[in-house]
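The lines below spell out each chain.
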Amino acid sequence: MINSIIINDKSKISILQKEIFHIFINPYTKFTHLYIPYRFNYEIHLIPGAKNCLSELQFLSCNTSVNDNIITGLMGICNSIREIELSMLSNEKINSSYGIVKLIEAQKKLLSVHFLANYQRINESICEVFENSLIKHAKSIQYFETTKQPITKFLSYFINLKRLELNDNFVYMAWNNLEDISLPSLQILKARSVPIKVLASLIENTSGYLTEIKIDRIRHDVINNKRIIQSIYLNCPMLKYLKLLFINSNFLELENLLISCQYLKGLYIIFEDVWVSYVMIDWNHLFEILTKSSPTGLFKFKFYYNGVPKLESLKLFFDNWKSRNPMLLQTTQMCKNEYTDLIESYKSQGIIKKFNDNLYAFDDFEWIQKAF
């Protein structure tokens, strides 16, 4: 805003910036969250009152090329940061002193880390140094998110990690350093475009505490689909929410999952025809499995498909659901009159409690978790 307003006299920019910073950073203000934007060079730690103002900082967001003078200054003030969001651009220049790494190591109890790399070709040396710096906090870190495959097996030290989020961003990395590592405390696993064999290995090496699993944007064959389903129902007895691709020929494995995961509350099924348009979904078989084998607590469904189920199949599904808890249903392509009339009919009978025909109106499990 300053740059757009002051065009002719650039000397006034630094004066105005200084005045604005002094308004917010002073001995009478306390900040808990600090976002340092890209190419930010103002040494805010030198402002009178900065020590008192930033001493209770809990969250820091910055990039790996942040000015080392700023980071060094913050090190002398902040040691109570609990959450760090670190961004990295493609082939970004890294300060040789790795000040951000030293700042991470200086924290007393780091709980959450988000490492957001925008491209595949990034400086792997800083990635490795960054990963090694987190080992010091291995016992305290409970939440880790990354968009870059690990260079080392540092996650194997995270014995108390409860939440892991992996996003490949369609770069198609191998993620091999996640295989065969044990995460005994893991409760939530979210993955996008990550190889199925890696995710199956992760799940198989947990200790049965997983309650939420989201796996999407990764196409895989029948064999891998069977393996991931089996790894879930054999290792996740406490599972409550699941998002996963189910292939027609593995509907029997879906039944095994429903029988084994008795705490399941929400099920988000991605159907095979989303990836292969000519595949015909056996809706009658699926709905029969859901009505006969679903645990009593499961009545929240979200379906992502290409070919809309026939009215007769839906009617059979709803009729057989009469003795169960009223369902919450979110689908797509059911805005035609014949479908809305059918839905409204079963809503009036108390079989459907809530219906939504826009898969993107809510973020995955948000819709089913906030429905009550």
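Here the structure is a predicted model, which means the values were calculated and not measured. (Residues numbered from 1 in each chain as written. Predicted model: local features only at pLDDT ≥ 70, side-chain atom pairs only at ≥ 80, totals over all residues. Heavy atoms only, no water.)

What follows concerns the overall build of the chain. When helices and strands are tallied, the chain shows 13 helices and 13 strands. Burial analysis of the chain (372 residues in total) assigns 49% to the buried set. The contacts of the chain with a sequence gap of at least 6 include a subset with a gap of at least 24, amounting to 71%. For the chain, the accessible area works out to roughly 18000 Å², and carbon and sulfur atoms hold 50% of it. On the chain, the mean spot of the 41 positive side-chain charges and the mean spot of the 36 negative ones are 5 Å from each other. (Helix = DSSP H or I, 4+ residues; strand = E, 2+ residues; numbered from the N terminus. Buried < 20%, exposed > 50% of the residue type's maximum accessible area, 1.4 Å probe, protein only. Contact = heavy atoms within 4.5 Å. Areas by Shrake-Rupley, 256 points an atom, 1.4 Å probe, with all protein chains shown as cover. Lys, Arg positive; Asp, Glu negative; His and termini not counted. Charge placed at Lys NZ, Arg CZ, Asp CG, Glu CD.)

Moving on, we come to unusual backbone geometry. At R39, a residue that is not glycine, the phi angle is positive and equals roughly 60 degrees. Along the polypeptide, R39 turns up in the loop between β1 (33-35) and α3 (50-54). Look at R39 and you get exposed, because its relative accessible area is 67%. With a phi close to 60 degrees, D180 is a non-glycine residue in the positive phi region. As for its position among the elements, D180 is in the loop between β6 (163-167) and β7 (188-192).

This part covers the pattern of salt bridges. In the structure shown here, the tally under the stated rule is 11 salt bridges. A salt bridge links K190 to E212, with the shortest nitrogen-to-oxygen separation between them at 3.7 Å. With K190 in strand β7 and E212 in strand β8 (residues 212-216), the pair connects residues that are 22 residues apart, well separated along the chain. By the burial criterion, K190 is buried, and E212 matches it. K347 is the partner of E344 in a salt bridge, and the nearest nitrogen-oxygen pair spans 3.7 Å. Taken together, the positions of E344 and K347, both in helix α12 (residues 337-348) and 3 residues apart, correspond to about one turn of that helix. A relative accessible area of 46% means that E344 is categorised as partly exposed. (Salt bridge = Lys/Arg side-chain N within 4 Å of Asp/Glu carboxyl O.)

Here the focus is the environment of M327. With respect to the element layout, M327 can be found in strand β12 (residues 327-330). Through-space distance from the C-alpha of M327 to that of I70 is 53 Å; in sequence the pair is 257 residues apart. With near-sequence residues (within four places) excluded, M327 lies in contact with F299, F301, F317, F318, W321, I351, I352, K353 and K354.

Our focus in this paragraph is the state of the cysteines. Among covalent bonds in proteins, the disulfide is the one between the sulfur atoms of two cysteines. Going through the model one piece at a time under the given rule, you end up with 0 disulfides. Free of any disulfide, C53 has its nearest neighbouring cysteine sulfur in C78, separated by 9.6 Å. You can call C53 buried: its relative accessible area is 0%. (Disulfide = S-S within 2.5 Å.)

Our next topic: the packing of aromatic side chains. As enumerated under the stated definition, the model contains 21 aromatic pairs in all. Summarising the aromatic geometry, the rings of F271 and W283 are spaced 4.7 Å apart at their centres and angled 50 degrees between planes, so their arrangement reads as tilted. Of this pair, F271 sits in strand β10 (residues 266-271) while W283 sits in helix α10 (residues 283-293); the two residues are 12 residues apart in sequence, bridging distant segments of the chain. Where F301 meets F317, the ring centres are 6.2 Å apart and the plane angle is 70 degrees; that geometry is what we call edge-to-face. Note that F301 is positioned in strand β11 (residues 300-304) and F317 in helix α11 (residues 311-320), a separation of 16 residues in sequence. For the pair shown, F301 and F317 are each scored as buried. Sitting above the plane of the Y143 ring, R163 keeps its charged end 5.0 Å from the centroid. (Phe/Tyr/Trp six-rings, centres within 6.5 Å; stacked < 30°, edge-to-face > 60°. Lys NZ or Arg CZ within 6 Å of the ring centre and 35° of its normal.)

As paired strands, β12 and strand β13 (residues 352-356) are joined by 4 bridges and run parallel to one another. Across the sheet, residue M327 finds its bridge partner in β13, namely I352. This β-α-β element, β12 to α12 to β13, shows right-handed connectivity. (Pairing = 2+ DSSP bridges. Right-handed = clockwise from strand over helix to strand, strands pointing away.)

This part takes up the pairing of strand β2 (residues 59-63). The buried count for β2 comes to 5 of 5 residues, which makes it a mostly enclosed element. Examined bridge by bridge, β1 and β2 share 3 bridges and lie parallel to one another. Looking at the pairing, H33 lines up with F59 of β2. Direction of pairing for β2 relative to strand β3 (residues 83-88): parallel, over a ladder of 5 bridges. Counted as the bridge partner of F59 is E83 from β3. Crossover β2 to β3 through helix α4 (residues 68-75) is right-handed.

With respect to the helices and strands, the residue R82 is situated in the loop between α4 and β3. The exposure class of R82 is partly exposed, given its relative accessible area of 38%. The spatial distance from the C-alpha of R82 to the C-alpha of Q107 is 7.8 Å, given a sequence separation of 25 residues. Once you skip the residues sitting within four places of it in the chain, R82 turns out to touch Q58, K109, L110, L111 and S112.

Relative placement of two packed helices is described by the angle separating their axes and the distance separating the axes. Between helix α9 (residues 251-260) and α10, the least distance of the axes is 10 Å, while the angle of their chain directions is 15 degrees. Accordingly, the angle class assigned to the pair α9 and α10 is roughly parallel. Helix-helix and strand crossings are classified by hand; for α9 and α10 the assignment is right-handed. Two secondary-structure elements touch here, α9 through F251, L254, E255, L258 and I259 and α10 through H285, L286, I289, L290 and S293. (Axes fitted to C-alpha atoms, helices over the stretch in contact; angles between N-to-C directions. Parallel < 35°, antiparallel > 145°, perpendicular 65-115°, else oblique. Left-handed = near helix turned anticlockwise from the far one by under 90°.)

Everything listed here is a matter of geometry and, on its own, says nothing about what the molecule does.
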